[in-house]
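Here's the letter readout for the chains.
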Amino acid sequence: MAETVQLIQLPEEEYEPRAKKVIKRDGSVADFDRVKIVNAISKANETVEAEDRIAPELIERVANRIASKNRTRLLVEDIQDMVEDELMQYGKFALAKAYIIYRYSRALVRKANTTDESILSLIRRDNREVMEENSNKNATMASTQRDLIAGEVSKDLTKRMLLPEKISKAHEEGTIHFHDADYFLQPIFNCCLVNIGDMLDNGTVMNGKLIESPKSFQVACTVMTQIIASVASSQYGGQSVDVSHLGKYLRKSYVKFKSQITKECDGEVSEEIIEKLTQKRLRDELRSGVQTIQYQINTLMTTNGQSPFVTLFLMNFGENDEYAEENAMIVQEILRQRYEGIKNEKGVYVTPAFPKLVYVLDEWNCLKGGKYDFITEMAVKCSAKRMYPDYISAKKMRENYEGNVFSPMGCRSFLSPWKDENGKYKFEGRFNQGVVSLNLPQIGIIANGDEEKFWKLLDERLELCYDALMCRHNALKGVKSDISPVHWQYGAIARLDKNEPIDKYLEGGFSTLSLGYIGLYELTLLMKGVSHTTPKGKEFAFRVMNYMKSTCVKWKKDTGLGFALYGTPAESLCYRFARIDKERFGTIDQVTDKGYYTNSYHVDVRENIDAFEKFKFESDFHTISSGGAISYVEVPNMKNNPEALKELVKFIYDNIQYAEFNTKSDYCQVCGYDGEIVINNDNEWECPNCGNKDQTKMNVTRRTCGYLGENFWNVGKTKEIKSRVLHL
């Protein structure tokens with residue numbers, strides 16, 4: 001006879017269903033359904049002896065108790081663990097075992113396929129979370145869909161098979177974010193500084209074909225864009241190339257043209273006329289070469305389903321550099337063509353998202369009477385109209401990176417100083433292994449103002465981030481150079497032999513591993529009740545930032561790996577973390593109610609703060625967040641007021657390492673309106689002139705998070721863009 005189970009009658013209100021959403025193993029969200037719990041227990045019940053079974057009313061009670069949990073968000077695994085605990089509390093150990101077996105058999109079925117719906121929804125174009133993850137991918141195109149479909153398979157295998165369960169669970173709960181899981185299946189890395197100088201000077205190989213060192217500027221530009229496309233197809237993050245390596249090739253073209261013209265004229269014209277003809281031909285070559293770069297980058301499609309995410313690094317040469325004049329000419333032409341823009345399908349000049357332009361401010365071009373101030377004036381004029389270039393202060397960067405000036409890798413990721421066997425600093429030809437980001441606001445929500453609890457939680461979650469970053473590192477260990485010949489064998493990173501391991505480039509700080517973070521503003525508000533721009537808030541924010549920095553330093557010392565603190569761009573993550581926390585913890589004023597979290601250490605986008613004050617405040621974080629940092633100010637249409645921007649550029653040189661301006665550069669294809677396309681109260685993009693809301697009939701370019709986006713954004717990022725206040 002089955003034993004009698006003594007039941008404790010709970011108050012009726014505790015049976016009220018409160019769990020609202022269930023997070024499935026593939027990351028999709030479904031409504032909580034207690035009937036599924038009843039069915040699963042009932043099926044397990046049928047497989048055990050009569051004395052081990054549980055009465056139907058007790059099955060209902062188990063389901064009700066789980067439904068009454070005061071949580072709006074539950075993982076499937078959490079629900080199953082609760083069922084097992086409930087059955088064991090009733091003493092039904094055989095039934096609990098049967099339920100575990102049933103759960104395991106269902107898991108085997110799931111392992112066979114968990115991606116059908118996510119892939120089919122991409123084809124149907126209703127998987128908005130994936131389709132809006134990257135504002136520079138047009139998810140309606142077949143080429144992009146191929147990449148997204150492959151990404152869904154990779155994410156699924158990564159969560160189920162490749163990552164430890166605790167990392168996958170932490171990612172699903174929004175504790176951390178394991179970036180780029182859609183590429184983790186392949187042993188490729190994030191972003192890099194292409195060693196373009198070596199590849200141009202010593203030649204390279206693409207698709208099994210030898211590309212020798214160019215003999216002219218035009219060919220050098222063509223080869224460079226082919227290298228960019230090839231590199232982009234074998235990594236998932238951004239890349240940067242230093243344009244100063246092109247100067248010598250413009251000189252080669254000059255020498256070639258002058259020799260040809262001199263020979264053609266055969267002594268019949270003066271040297272002055274020969275020089276004039278040579279310069280004219282050189283200008284034509286310069287214009288064509290730069291146009292090749294702009295057209296190629298904006299029209300080539302990589303295997304990632306988008307144009308190459310590339311940054312051109314400008315003015316990184318000394319005043320007395322051998323090719324200074326040639327490089328100055330190249331930068332001028334790049335700025336001239338970017339200011340002009342690129343034509344859309346209607347033949348109207350619009351702002352392209354790529355290549356991103358980063359302009360170095362140094363003693364000779366910081367608008368204080370330097371030789372190249374006139375080029376900086378061109379840059380300011382271009383920024384006012386096209387948002388690029390962004391600006392790096394060589395003065396501040398030398399203070400932060402042992403006297404060195406070098407490009408970010410794509411958007412904002414910076415390498416740490418590293419010396420080769422000869423004691424020489426090396427930056428080009430290095431890379432980032434990957435990023436894992438920490439959800440700071442979630443820690444603040446749980447700690448609820450209790451600092452002791454906060455620091456304990458922070459330690460636990462930093463340890464999770466470390467384990468996740470080591471997964472990235474270990475996934476690259478043992479990889480052979482054949483995985484990407486352009487990177488490992490033909491100069492972008494190295495010139496290894498075929499089948500040679502890449503391991504030595506993963507160790508010793510040669511490459512970086514980035515600890516990202518998001519929502520320092522929200523965290524400070526949750527813990528201290530004030531913005532981090534206040535003295536009280538800033539003190540706490542700095543303690544948190546310095547603690548994360550010191551943790552990276554400790555990891556680096558313990559392992560010899562290049563850990564670095566990185567201000568996460570958070571294009572889609574600003575929405576994902578906020579959405580998860582709202583589902584899990586409810587609506588919290590000024591935190592989860594906004595629909596987004598604030599980018600890294602940035603000032604809240606809604607906070608009224610002067611442009612100079614904002615740059616000065618955020619500059620203090622650049623030194624701490626040395627693995628990646630960039631700051632912006634939101635400005636109105638400044639095309640008719642370049643003097644104000646010049647003052648900001650002067651301020652950047654003296655006060656902040658890396659900064660940018662956000663303005664508006666839009667076009668309505670319906671009515672021809674050339675101004676700001678606005679976000680209406682329904683969170684839709686709308687032409688203020690004619691009311692056009694068709695995104696296929698407008699060109700909108702906005703600063704996404706360091707780089708520009710032109711294919712629109714998810715709901716959270718759109719709300720964030722709408723909330724931005726002007727700083728000037």
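Residues numbered from 1 in each chain as written. Predicted model: local features only at pLDDT ≥ 70, side-chain atom pairs only at ≥ 80, totals over all residues. Heavy atoms only, no water.

1. Quick notes on the packing of aromatic side chains
What characterises a pair of aromatic rings is the spacing of the ring centres plus the angle enclosed by the ring planes.
Piece 1. Tallying each qualifying case throughout the model produces 31 aromatic pairs.
Piece 2. Between Tyr372 and Phe374, the aromatic rings sit 6.4 Å apart at their centres with planes inclined by 50°, giving tilted as the arrangement.
Piece 3. Judged by relative accessible area, Phe374 falls into the partly exposed class, the value being 40%.
Piece 4. Taken together, a centroid distance of 5.8 Å and an interplanar angle of 50° make the contact between Tyr391 and Phe661 tilted. In this pair, Tyr391 is assigned in strand β13 (residues 390-393) and Phe661 in strand β18 (residues 658-662), connecting sequence segments 270 residues apart. (Phe/Tyr/Trp six-rings, centres within 6.5 Å; stacked < 30°, edge-to-face > 60°. Buried < 20%, exposed > 50% of the residue type's maximum accessible area, 1.4 Å probe, protein only. Helix = DSSP H or I, 4+ residues; strand = E, 2+ residues; numbered from the N terminus.)

2. Some thoughts on the side chain of Thr592
Piece 1. Tracing the backbone through its elements, the reader meets Thr592 in the loop between α21 (573-585) and α22 (611-624).
Piece 2. From its side chain, Thr592 meets the backbone oxygen of Gly586 in a polar contact 2.9 Å long.
Piece 3. Thr592 has contacts with Ile445, Ala578, Asp581, Lys582, Gly586, Thr587 and Tyr597, leaving out every residue within four places of it along the chain. (Polar contact = N/O pair within 3.5 Å; in protein donor to acceptor, adjacent residues only side chain to side chain. Contact = heavy atoms within 4.5 Å.)

3. Digging into the pairing of β13
Piece 1. Side chains Asp390 and Ile392 of β13 all project onto a buried face; the interleaved residues Tyr391 and Ser393 project onto the opposite face, where all are buried too.
Piece 2. Of the strand pairs in this sheet, strand β12 (residues 356-361) and β13 are connected by four bridges, and their pairing is parallel. If you follow Tyr359 over to β13, its bridge partner there is Tyr391.
Piece 3. Taken together, β12, helix α14 (residues 373-386) and β13 constitute a β-α-β crossover, and its handedness is right-handed. (Pairing = 2+ DSSP bridges. Right-handed = clockwise from strand over helix to strand, strands pointing away.)

4. Overview of the sheet that holds strand β2 (residues 29-31)
Piece 1. In space, the three strands of this open sheet follow the order β2-β1-β3, with mixed pairing throughout. With partners counted over all chains shown, the strands left at the sheet margins are β2 and β3 (73-75), one partner each. Going across the sheet, the axis of each strand differs from the next one's by a mean of 35°, ignoring polarity.
Piece 2. Taken together, the three bridges between strand β1 (residues 21-23) and β2 define a ladder with antiparallel strand orientation. By the bridge assignment for β2, Ile23 is matched with Val29.
Piece 3. Packing of helix α3 (residues 76-89) onto the sheet brings it into contact with β1 and β3, and relative to β3 it is tilted by some 80°.
Piece 4. The sheet strands contacting α21 are β1, β2 and β3, and the helix crosses β3 at an angle near 105°. (Axes fitted to C-alpha atoms, helices over the stretch in contact; angles between N-to-C directions.)

5. With respect to the nonpolar core
Piece 1. Core analysis: the biggest nonpolar cluster contains 104 residues, and Leu246, Leu314, Tyr359 and Phe661 have the highest contact counts within it.
Piece 2. The biggest single contributor to this core is helix α10 (residues 217-232), with eight residues.
Piece 3. When neighbours within four sequence positions are excluded, Phe661 is seen to be in contact with Ser383, Met387, Tyr391, Phe615, Val633, Val635, Leu645, Leu648, Val649, Ile652 and Arg703.
Piece 4. In terms of nonpolar packing, the next biggest core, distinct from the first, is built from 48 residues, Ala181, Phe184, Phe454 and Trp455 among them. (Core = buried A, V, L, I, M, F, W, Y, C linked by side-chain atoms within 4.5 Å.)

6. Notes on the packing of helix α12 (residues 271-299) against helix α13 (residues 324-340)
The description of two helices packed together rests on the angle between their axes and the distance between the axes.
Piece 1. Look at α12 against α13: their axes get within 10 Å of each other, and the N-to-C directions meet at 55°. The pairing of α12 with α13 is recorded here as oblique in orientation. The way α12 lies across α13 gives a crossing that is right-handed. The segment α12 lies against α13, with Leu282, Arg283, Leu286, Arg287, Val290, Gln291 and Gln294 engaging Met329, Ile330, Glu333, Ile334, Arg336, Gln337 and Arg338.
Piece 2. Across the contact of α12 with α13, the residue classes break down as six nonpolar, three polar and five charged. (Parallel < 35°, antiparallel > 145°, perpendicular 65-115°, else oblique. Left-handed = near helix turned anticlockwise from the far one by under 90°. Nonpolar A, V, L, I, M, F, W, Y, C, P; charged D, E, K, R; others polar.)

7. Some points on the packing of helix α16 (residues 440-447) against helix α17 (residues 451-476)
Piece 1. Two numbers describe how α16 lies on α17: the axes approach to 9 Å, and their chain directions differ by 140°. As summarised for this structure, α16 and α17 are arranged oblique, according to the angle between their axes. Seen along the crossing, α16 lies across α17 with a hand that is right-handed. Here Leu440, Gln442, Ile443, Ile446 and Ala447 of α16 lie close against α17, whose contacting residues are Lys453, Phe454, Leu457, Leu458 and Arg461.
Piece 2. Looking at the contact of α16 with α17 residue by residue, the class counts come to seven nonpolar, one polar and two charged.

8. Topic: the pattern of salt bridges
Piece 1. If you walk through the whole model with that rule in mind, you get 39 salt bridges.
Piece 2. Between Glu325 and Lys371 there is a salt bridge whose closest N-O contact spans 3.2 Å. Note that Glu325 is positioned in helix α13 and Lys371 in the loop between β12 and α14, a separation of 46 residues in sequence.
Piece 3. Residue class for Glu325 comes out partly exposed when judged on its relative accessible area of 42%.
Piece 4. On the basis of relative accessibility, which here comes to 44%, the residue Lys371 falls in the partly exposed class.
Piece 5. Close ionic contact of Lys594 with Glu522 constitutes a salt bridge, the shortest N to O distance being 2.9 Å. Here the residue Lys594 occupies a position in the loop between α21 and α22, and Glu522 occupies one in helix α19 (residues 520-528), the gap between them amounting to 72 residues.
Piece 6. Note on Glu522: relative accessible area 0%, which makes it buried.
Piece 7. Each member of the salt-bridge network shares a partner with another, and the members are Glu451, Lys528, Glu539 and Arg543. (Salt bridge = Lys/Arg side-chain N within 4 Å of Asp/Glu carboxyl O.)

9. With respect to the pairing of strand β16 (residues 562-567)
Piece 1. When you tally the buried positions in β16, you get six out of six residues, the bulk of the element.
Piece 2. The alternating pattern of β16 places Gly562, Ala564 and Tyr566 on one face and Phe563, Leu565 and Gly567 on the opposite face, and all of these are buried.
Piece 3. Direction of pairing for strand β15 (residues 512-518) relative to β16: parallel, over a ladder of six bridges. Each bridged residue has a counterpart across the sheet, and for Leu513 the counterpart in β16 is Phe563.

10. Brief notes about the side chain of Thr225
Piece 1. Note on placement: Thr225 falls in helix α10.
Piece 2. Every residue in contact with Thr225, bar those within four places of it in the chain, is listed here: Thr292, Ile293, Gln296 and Leu300.

11. What to know about α12
Piece 1. In this model, α12 (29 residues) spans 41 Å end to end at C-alpha, consistent with the 42 Å of a helix rising 1.5 Å per residue.
Piece 2. Taken as a whole, α12 has its buried residues at Ile274, Thr278, Leu282, Glu285, Leu286, Gly289, Val290, Thr292, Ile293, Gln294 and Ile297.
Piece 3. In this fold, the buried residues of α12 make contact with α10, α11 (247-265), β9 (310-314), α13 and β10 (342-343). (Expected span 1.5 Å × (residues − 1).)

12. A word on the confidence of the model for the chain
Piece 1. Per-residue pLDDT for the chain averages 88, and the proportion of residues at 70 or more is 88%.
Piece 2. Across residues 1-17 the pLDDT falls below 50, and counting only partners more than four positions away or on other chains, this stretch makes 20 contacts in the model. (pLDDT = per-residue confidence, 0-100.)

13. Let's talk about the environment of Val29
Piece 1. Topologically, Val29 is positioned in strand β2.
Piece 2. Here the alpha-carbon distance between Val29 and Leu75, two residues 46 residues apart in the chain, equals 9.4 Å.
Piece 3. Filtering out sequence-adjacent residues up to four positions away, Val29 remains in contact with Lys21, Val22, Ile23 and Arg579.

14. Considerations on the environment of Pro56
Piece 1. Structurally, the position occupied by Pro56 is in helix α2 (residues 56-67).
Piece 2. Under the relative-accessibility criterion, Pro56 is labelled exposed at 59%.
Piece 3. With 18 residues separating them in the primary sequence, Pro56 and Val38 have C-alpha atoms 8.7 Å apart.

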